[in-house]
Amino acid sequence: FPPQPDRVAIVTGGTDGIGYATAKRLARLGMHVIIAGNNESKAEDVVSNIKEETLNPRVEFLYCDLASLTSIRQFVEKFKMKKLPLHVLVNNAGVMMVPERKTQDGFEEHFGLNYLGHFLLTNLLLDTLRASGSPGRSARVVTVSSATHYVGELNMDDLQSRKCYSPHGAYAQSKLALVLFSYHLQRLLAAGGSHVTANVVDPGVVNTELYRHVFWGTRLVQKVFSWLLFKTPDEGAWTSVYAAVTPELEGVGGRYLYNEKETTSLKVTYNQKLQQQLWATSCQMAGVLNVT
Ligand SMILES: NC(=O)c1ccc[n+]([C@@H]2O[C@H](COP(=O)([O-])OP(=O)(O)OC[C@H]3O[C@@H](n4cnc5c(N)ncnc54)[C@H](O)[C@@H]3O)[C@@H](O)[C@H]2O)c1
């Protein structure tokens, strides 16, 4: 990929796993990388490791708890005080199959953190993204979903899974919502004529700590056969990095990417009415203006 010395990126969850590998790769390309995360205990080591390995001094950590709408707003305020442009936003952070619990604002955790947190973050950063994209050099929103979205169901009457909670179902719903979000965002951006694109990526099955809440048997398989069945975090980051910087995707949005190739997502994700419905509901939940 071409060097990106004058570009700025935010990577959520960039202290671990795929996010860490993504942040490091973008830093290696010369980007100013801001890691947005809640893992403060690791932040200092992570930042100094990336700086050392990439010889790029422009790597920093800014606290952002995606399970708190207030924290997200504070993060955006702090970021905006830096008066930096923003060329790439990687919505990467996530949790998987956690027991039933709620975010600070009372949303089911997968929905609230994986989906709604990124929905708010992206909305609050759209003005900066719009101002930073230019003809032939668009700003990019890259959202990390998962193949799990293929078995997801969006339950508009019970987005918080109150009637019946299944950790897998709630994770799948959050990843499905991210695909719908990304497609609708792309349509909004294109309709507004802005030089910002939105794509969604599936990293594949990657050997990270995301699996900490799954059944112990699966954990065992991960430990023993990771070399055979799982991608490394560096390999898992590849599609995110591709979507963030490849010249092949200049001006191109609304794609679902797996192994750096466009592929089709679940049929229902192309339902524009549902995309719009989810967007409108999310605006209410996150307290942002619905501009559609
Ligand atoms: N690992 C896989 O096989 C796989 C497969 C498909 C999709 N994904 C997706 O890739 C993304 C990255 O996952 P990973 O595998 O690197 O997992 P990981 O557990 O290694 O990393 C997740 C990151 O999210 C951050 N995070 C968690 N809660 C947060 C919060 N409240 N606020 C801010 N940050 C928070 C963590 O601190 C961590 O940095 C996730 O969105 C996940 O759904 C992973």
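Our structure is the block above this text.
Per-chain numbering applies: the sequence of each chain, read as written, is numbered from 1 onward. For a predicted model such as this one, the threshold for reporting local features is a pLDDT of at least 70, and the threshold for listing and counting side-chain atom pairs is 80 or more; totals across whole chains, interfaces and linings nevertheless cover every residue.

Brief notes about the overall build of the protein
Turning to step 1, where the next piece is worked out: What the protein contains, in helices and strands, is eight helices and eight strands.
Turning to step 2, where the next piece is worked out: Atoms counted for the radius of gyration: C-alpha only. Globule rule: 2.2 Å times the number of residues to the power 0.38. Relative to the 2.2 N^0.38 estimate, which gives 19 Å for 292 residues, the radius of gyration of the protein is 18 Å and therefore close to what a compact globule would have.
Turning to step 3, where the next piece is worked out: Counts of 20 or more other C-beta atoms within 10 Å of a residue's own C-beta define buried residues, counts of 12 or fewer define exposed ones, and intermediate counts define partly exposed ones; C-beta atoms are placed from the backbone. Burial status across the protein gives 49% buried among its 292 residues.
Turning to step 4, where the next piece is worked out: We call two residues in contact if the C-beta atoms placed from their backbones are at most 7 Å apart. Put simply, of all contacts in the protein between residues at least 6 apart along the chain, 74% involve residues at least 24 apart. The way it works is that DSSP assigns letters per residue, a run of H or I at least four long becomes a helix, a run of E at least two long becomes a strand, and they are numbered from the N terminus.

A word on the sheet that holds strand E7 (residues 256-258)
Turning to step 1, where the next piece is worked out: At least two bridges found by DSSP between two strands are what make those strands a pair. As summarised here, the arrangement of the eight strands in space is E3-E2-E1-E4-E5-E6-E7-E8, forming an open sheet in which the pairing is mixed. Each edge of the open sheet is held by one strand with a lone partner, namely strand E3 (59-63) and strand E8 (261-263). Strand-to-strand twist across the sheet, computed as the mean angle between neighbouring axes with direction ignored, equals 25°.
Turning to step 2, where the next piece is worked out: Across three bridges, the pairing between strand E6 (residues 196-202) and E7 is parallel. Pairing of Val201 across the sheet is with Leu257, part of E7. Axes here refer to lines fitted to C-alpha atoms; in helices the fit is confined to the stretch in contact. Angles between the N-to-C directions go from 0 to 180 degrees.

Details of the packing of helix H4 (residues 109-132) against helix H8 (residues 272-286)
Turning to step 1, where the next piece is worked out: Axis separation between H4 and H8 bottoms out at 10 Å; the angle between their running directions is 80°. In terms of orientation, H4 lies roughly perpendicular with respect to H8. On H8, the residues touching Leu116, Phe119 and Leu120 of H4 are Ser282, Met285 and Ala286.
Turning to step 2, where the next piece is worked out: Each residue is assigned to one class: nonpolar for Ala, Val, Leu, Ile, Met, Phe, Trp, Tyr, Cys and Pro, charged for Asp, Glu, Lys and Arg, and polar for all the others, Gly among them. Class assignment for the residues of the contact of H4 with H8 results in five nonpolar, one polar and no charged. By the definition adopted for this analysis, an angle is roughly parallel if under 35 degrees, roughly antiparallel if over 145, roughly perpendicular if from 65 to 115, and oblique otherwise.

With respect to unusual backbone geometry
Turning to step 1, where the next piece is worked out: With a phi angle near 55°, Met97 is a residue other than glycine that sits in the positive phi range.
Turning to step 2, where the next piece is worked out: Topologically, Met97 is positioned in the loop between strand E4 (88-91) and H4.
Turning to step 3, where the next piece is worked out: One non-glycine residue, Glu260, adopts positive backbone phi at about 60°.
Turning to step 4, where the next piece is worked out: Relative to the assigned elements, Glu260 resides in the loop between E7 and E8.

Here's the deal with the environment of Leu257
Turning to step 1, where the next piece is worked out: The residue Leu257 is located in strand E7 in this model.
Turning to step 2, where the next piece is worked out: Spatially, the C-alpha atom of Leu257 lies 25 Å from that of Thr128, the residues being 129 residues apart in sequence.
Turning to step 3, where the next piece is worked out: Once you skip the residues sitting within four places of it in the chain, Leu257 turns out to touch Asn199, Val201, Thr239, Ala243 and Glu262.

So, the site of the ligand
Turning to step 1, where the next piece is worked out: Neighbouring residues of the ligand: 28 residues in total, closest Gly13, Gly17, Gly94, Thr208 and Leu210.
Turning to step 2, where the next piece is worked out: Residue contributions to the shell around the ligand peak at three residues, all from helix H1 (residues 17-28).
Turning to step 3, where the next piece is worked out: Within the shell around the ligand, the residues separate by chemical class into 13 nonpolar, 12 polar and three charged. Defining nearness, a residue is near a molecule or strand when the C-beta atom obtained from its backbone falls within 6 Å of it.

Some details on the pairing of E4
Turning to step 1, where the next piece is worked out: Judged by which residues are buried, E4 turns out to be covered on both faces: Val88 and Val90 on one side and Leu89 and Asn91 on the other are all buried.
Turning to step 2, where the next piece is worked out: Sheet topology places strand E1 (residues 8-12) next to E4; three bridges connect them, and they run parallel. Bridged to Val11 within E4 is Val90.
Turning to step 3, where the next piece is worked out: Here four bridges tie E4 to strand E5 (residues 139-144), and the two strands are oriented parallel to one another.

Considering helix H6 (residues 216-229)
Turning to step 1, where the next piece is worked out: An ideal rise of 1.5 Å per residue puts 20 Å on 14 residues; H6 reaches only 17 Å between its terminal C-alpha atoms.
Turning to step 2, where the next piece is worked out: At Lys223, H6 shows its maximal kink, close to 55°.
Turning to step 3, where the next piece is worked out: Buried residues are scarce in H6, accounting for zero of its 14 residues. In this analysis, the expected span of each helix is defined as 1.5 Å times one less than the number of residues it contains. Throughout, bend refers to the angle between the axes fitted to the seven residues that end at a position and the seven residues that start at it.

Description of helix H7 (residues 233-245)
Turning to step 1, where the next piece is worked out: Taking 1.5 Å as the rise per residue, H7 with 13 residues should run 18 Å; its terminal C-alpha atoms sit 18 Å apart, in good agreement.
Turning to step 2, where the next piece is worked out: Summarising burial for H7: 11 of the 13 residues are buried, a large majority.
Turning to step 3, where the next piece is worked out: Burial in H7 covers these residues: Pro233, Gly236, Ala237, Trp238, Thr239, Ser240, Val241, Tyr242, Ala243, Ala244 and Val245.
Turning to step 4, where the next piece is worked out: Elements that come into contact with the buried residues of H7 comprise E1, H1, E4, E5, E6 and E7.

Quick notes on the nonpolar core
Turning to step 1, where the next piece is worked out: Here a nonpolar core is just a set of buried residues of the types Ala, Val, Leu, Ile, Met, Phe, Trp, Tyr and Cys, joined wherever their C-beta atoms sit within 7 Å. Counting residues in each nonpolar core, the largest one holds 85 residues, and the members touching the most others are Ala9, Val11, Leu26, Val33 and Ala244.
Turning to step 2, where the next piece is worked out: Sort the elements by how many residues they give to this core and helix H5 (residues 167-191) lands first, with 12 residues.

Some details on the packing of H1 against helix H2 (residues 40-54)
Turning to step 1, where the next piece is worked out: Where H1 meets H2, the closest approach of the two axes is 9 Å, and the angle between their N-to-C directions is 40°. Regarding the angle of H1 to H2, the classification is oblique. For the crossing formed where H1 meets H2, the hand is right-handed. Residues Tyr20, Ala23, Lys24, Ala27 and Arg28 of H1 pack against Val46, Ile50, Glu53 and Thr54 of H2. Working rule for handedness: look at the near helix, and if it is turned counterclockwise from the far one by less than a right angle, call the crossing left-handed; if clockwise, right-handed.

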